[in-house]
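# Structural characterization, general
Below, each chain spelled out in residue letters.
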Amino acid sequence: MKNLQLTNIKNKVDYKNIFYLGEWCLKNSEIELKKRSIIPYHWNSLKKLEKDHKYINNLHQKISKALFKSLNKIHKKNYSDKSWGVIFEPFLQYYITILLDRWEITRKAFLKKNKYQVSFHGIKNISFEMHDYTKLFFTDEWNQNLFQNIINFQYKKKVRITKGEKIILKSEPYSKISKTFYTIFKDTVKKCFNILLAKVTRGNHFFFVQHYFDIKSFVKLNLLLKQIPVSHNYFEGIENIKIFNGKKDQKLRNQLFKNIKTKNNFEKFLIYSLKNDITSNIIENFNLILNEALKIKQKPKVILSAGLHWSDLLFKSWLAEKINNGTKFLSIEHGGSLPFKYPYFFFEENNSNRFITWFKEHHQNQKQLPAQKLLRYEKLANYNYKPKKCYLILDRISRYTLTLAKPVSSNYFTYINDICNLYKTLNLEVKNEFNIKLHPADSDKVWNTKKFLKHRLKTQIAPDNKSITDSFLESKLTICFYPETTFAECVRIGIPCVLYVSPRMHKIHPISKKLFNHLMKVGIIFDDVNLMALHVNKIWIDPQKWWNSSKIVNARNFFEKEALCFDEKDSLLKWCKFLKTFK
């Protein structure tokens, strides 16, 4: 009987007689040697990915509708789907995507009526009460537990379970609302600050949180709006406040999906898991969190957020209540370039009055405005610019898939091979100045690119503390390896750059087809690393000459207008004109 390894948690088994559920079970250096024993990843098939995306979208809508209706009944609220959507997203879409992914991974392992010996580990402290869910989703411990649950639910008769080690995942510190001298003092200071801030900004129509405007632009915009420039940071630093008040109320949780009809075993498993995994902060302790949020006394007419509505539960609770009482909510894009083919199920469009996007509108609830995050950048002529290096700017790819908007798990090895092929084809003159700038989030929780590239390539890797802007300004030519904010920054600053878009990894929205094809035609975008390397070799002597040629300048202007909403007009006046429509 073959052994089946579920994650990178080691087992006492015969490693000569083993199958691996995926690449995440192995160290980077082991994968090439053991690839024949790795079960192929199901979303390597783009056809299946497309089909599953539609299924997830429909299932997400069905579950949301049933869940939000039940929560209104349980909490005696009359919240709209927008208000509940603000509280639950993007958690709910992540959760459904993840569970389908892990279900399909496991199903593929058992497809040929295989029987396995599997080590099950007793894992403690893996609830969302103790951890930020976005971090927990990437851990081997949480995924090990999930795979074990799937096998117990669906394949118990096809496995022989052996007892693995007991594992206790170290819990993150979490906040309790308790009456100590320190908390009473802290709450009093916050309350006084809140009252003062509410009085000072009483006339402010617009309430900005985590907006990503630079200070100069933000002050100017607020003066144009005739209000006091205040960026509200009360919520920041109280990230995902957690209160655990006794045991979960299972009877209450059983009511959440009482009337939902499931079509298959996966949906039964999903409902079973979800009703246990939803944090008590939204079920048992909902009113405690809401009461804490309502201590924030500001009463704006319009709330704008570019990031906090993604993660901060206190802000989400406050925002949901405000939306339900008629306050307008404008969600702002916090980064981008070419939009994803599979966006985050349009949760920002669906849960706001308008989603302010950098790229031209491709949804009825979008509004294109100049990219606020890039207003701070001056053009290259204003910098002391003495470039020498060629920088390769890299993304991070998760070991475990989180969303279909981004490259999925096993795409990483296509990505690494593309990097190696690019480097191999470059001229010696370029290689001598070649540097790699890793994504700030590169670590063992994602595929640790730093370790892998040190093993495969002999080239310079920029220190972790070097900023992306410093890397740009040292760069004679920048190679962007993913179609997101860094490419937009390069173009906006005026750094000569090229962009690689992998046909297998990066799914680009059809709305950008005209722009994409034009940038490919002039040699800014490539979908083949070897052709890109030959192009880099060709222009390396004088990238500025190529970058400032009339056809490239026209292409850059086309990109800035289509993807970033920059043209000759004053960008802040565009923002001001739009926001005044909400007065």
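Quick caveat: nothing in here was measured; it's all calculated off a predicted structure.

About the cut-offs
Residues numbered from 1 in each chain as written. Predicted model: local features only at pLDDT ≥ 70, side-chain atom pairs only at ≥ 80, totals over all residues. Heavy atoms only, no water. Helix = DSSP H or I, 4+ residues; strand = E, 2+ residues; numbered from the N terminus. Contact = heavy atoms within 4.5 Å. Areas by Shrake-Rupley, 256 points an atom, 1.4 Å probe, with all protein chains shown as cover. Pairing = 2+ DSSP bridges. Buried < 20%, exposed > 50% of the residue type's maximum accessible area, 1.4 Å probe, protein only. Arc of directions from axis to C-beta. Salt bridge = Lys/Arg side-chain N within 4 Å of Asp/Glu carboxyl O. Axes fitted to C-alpha atoms, helices over the stretch in contact; angles between N-to-C directions. Parallel < 35°, antiparallel > 145°, perpendicular 65-115°, else oblique. Left-handed = near helix turned anticlockwise from the far one by under 90°. Nonpolar A, V, L, I, M, F, W, Y, C, P; charged D, E, K, R; others polar. Patch = residues over 30% accessible without salt bridge, like charges linked within 9 Å, V, L, I, M, F, W, Y side chains within 5 Å. Polar contact = N/O pair within 3.5 Å; in protein donor to acceptor, adjacent residues only side chain to side chain. pLDDT = per-residue confidence, 0-100.

## Points about the overall build of the chain
Along the backbone of the chain there are 24 helices and 15 strands. Overall, the chain is about 70 × 70 × 45 Å in size when its C-alpha atoms are taken along their principal axes. Excluding contacts between residues fewer than 6 apart, the proportion of contacts in the chain whose partners are at least 24 apart in sequence is 76%. Carbon and sulfur atoms provide 52% of the accessible area of the chain, an area that totals close to 27400 Å².

## Remarks on the sheet that holds strand β12 (residues 460-461)
As summarised here, the arrangement of the six strands in space is β12-β11-β10-β13-β14-β15, forming an open sheet in which the pairing is parallel. The open sheet has two edge strands with one neighbour each: β12 and β15 (525-526).

## So, helix α11 (residues 286-293)
Structural remark: α-helix, 3.6 residues per turn; residues separated by three or four positions point the same way. When we look at burial in α11, the residues that qualify are Phe286, Ile289, Leu290, Glu292 and Ala293. Down the axis of α11, the buried set is contained in an arc of 160°. They therefore lie on one face. Those residues of α11 hidden inside the fold are in contact with α2 (46-75), α3 (81-88) and α13 (313-324).

## Focus on the pattern of salt bridges
Under the criterion given, the structure shown has 18 salt bridges. Close ionic contact of Lys295 with Glu292 constitutes a salt bridge, the shortest N to O distance being 3.0 Å. Note on Glu292: relative accessible area 10%, which makes it buried. In this structure, the salt-bridge partner of Asp395 is Arg396, at a minimum N-O distance of 3.4 Å. Each of Lys48, Asp52, Glu104 and Arg107 takes part in a single network of salt bridges with overlapping partners.

## A few points about the packing of helix α6 (residues 140-154) against helix α10 (residues 265-277)
Across the interface, α6 lies against α10 with an axial gap of 11 Å and an inter-helix angle of 130°. Between α6 and α10, the interaxial angle falls into the category oblique. Crossing hand, α6 versus α10: right-handed. Within the contact between the two elements, α6 uses Leu146, Asn149, Ile150, Phe153 and Gln154 and α10 uses Asn265, Lys268 and Phe269. In terms of residue class, the contact of α6 with α10 is built from four nonpolar, three polar and one charged.

## Points about the sheet that holds strand β3 (residues 116-124)
Strand order across the open sheet formed by four strands is β2-β1-β3-β4, with parallel pairing between neighbours. Lying at the two open borders of the sheet, with one neighbouring strand each, are β2 (18-20) and β4 (159-168). Averaged over all adjacent pairs, the angle separating strand axes in this sheet is 30°, with direction ignored. Note that strand β1 (residues 2-5) and β2 share three bridges and pair parallel. Bridge assignment links Leu4 to a residue of β2, and that residue is Phe19. Packing of α6 onto the sheet brings it into contact with β3 and β4, and relative to β3 it is tilted by some 125°.

## A short note on a nonpolar patch on the surface
A cluster of nonpolar side chains, namely Leu196, Val200 and Ile228, defines an oily patch on the protein surface of about 260 Å² accessible area. Position of Val200 among the secondary structure elements: in helix α7 (residues 181-200).

## Side note on the environment of Lys454
Of note, Lys454 is situated in helix α17 (residues 449-456). The class for Lys454 is exposed, based on a relative accessible area of 58%. A sequence separation of 182 residues divides Lys454 from Tyr272, and the C-alpha atoms of the two residues are 44 Å apart.

## Some remarks on the pairing of strand β5 (residues 206-209)
On β5, burial covers both faces: Phe206 and Phe208 on one face and Phe207 and Val209 on the other are all buried. Examined bridge by bridge, β5 and strand β6 (residues 302-305) share four bridges and lie parallel to one another. In the strand pairing of β6, Phe207 is matched with Ile303.

## With respect to the side chain of Gln117
Of note, Gln117 is situated in strand β3. You can call Gln117 buried: its relative accessible area is 17%. Side-chain polar atoms of Gln117 contact the side chain of Asn3, separated by 3.2 Å. Within the structure, Gln117 has its side chain in polar contact with the side chain of Arg160 (distance 2.6 Å). Beyond its immediate sequence surroundings of up to four residues, Gln117 is in contact with Met1, Lys2, Asn3, Leu4, Arg160 and Thr162.

## Quick notes on the confidence of the model for the chain
For the chain, the mean per-residue pLDDT works out to 88, and 91% of the residues sit at or above 70. Taken as a whole, residues 173-178 scores under 50 in pLDDT and shows eleven contacts with residues more than four places along the chain or in a different chain. Note on residues 237-242: pLDDT under 50 across the span, and 23 contacts to partners over four residues away in sequence or across chains.

## Overview of unusual backbone geometry
Across the junction of Glu89 and Pro90, the peptide omega takes the value 5°, indicating a cis bond. Of note in the backbone geometry, Cys565 takes a positive phi value of approximately 65° without being a glycine. Residue placement: Cys565 occurs in the loop between α23 (550-564) and α24 (571-579). On the accessibility criterion, Cys565 (10% relative accessible area) is buried.

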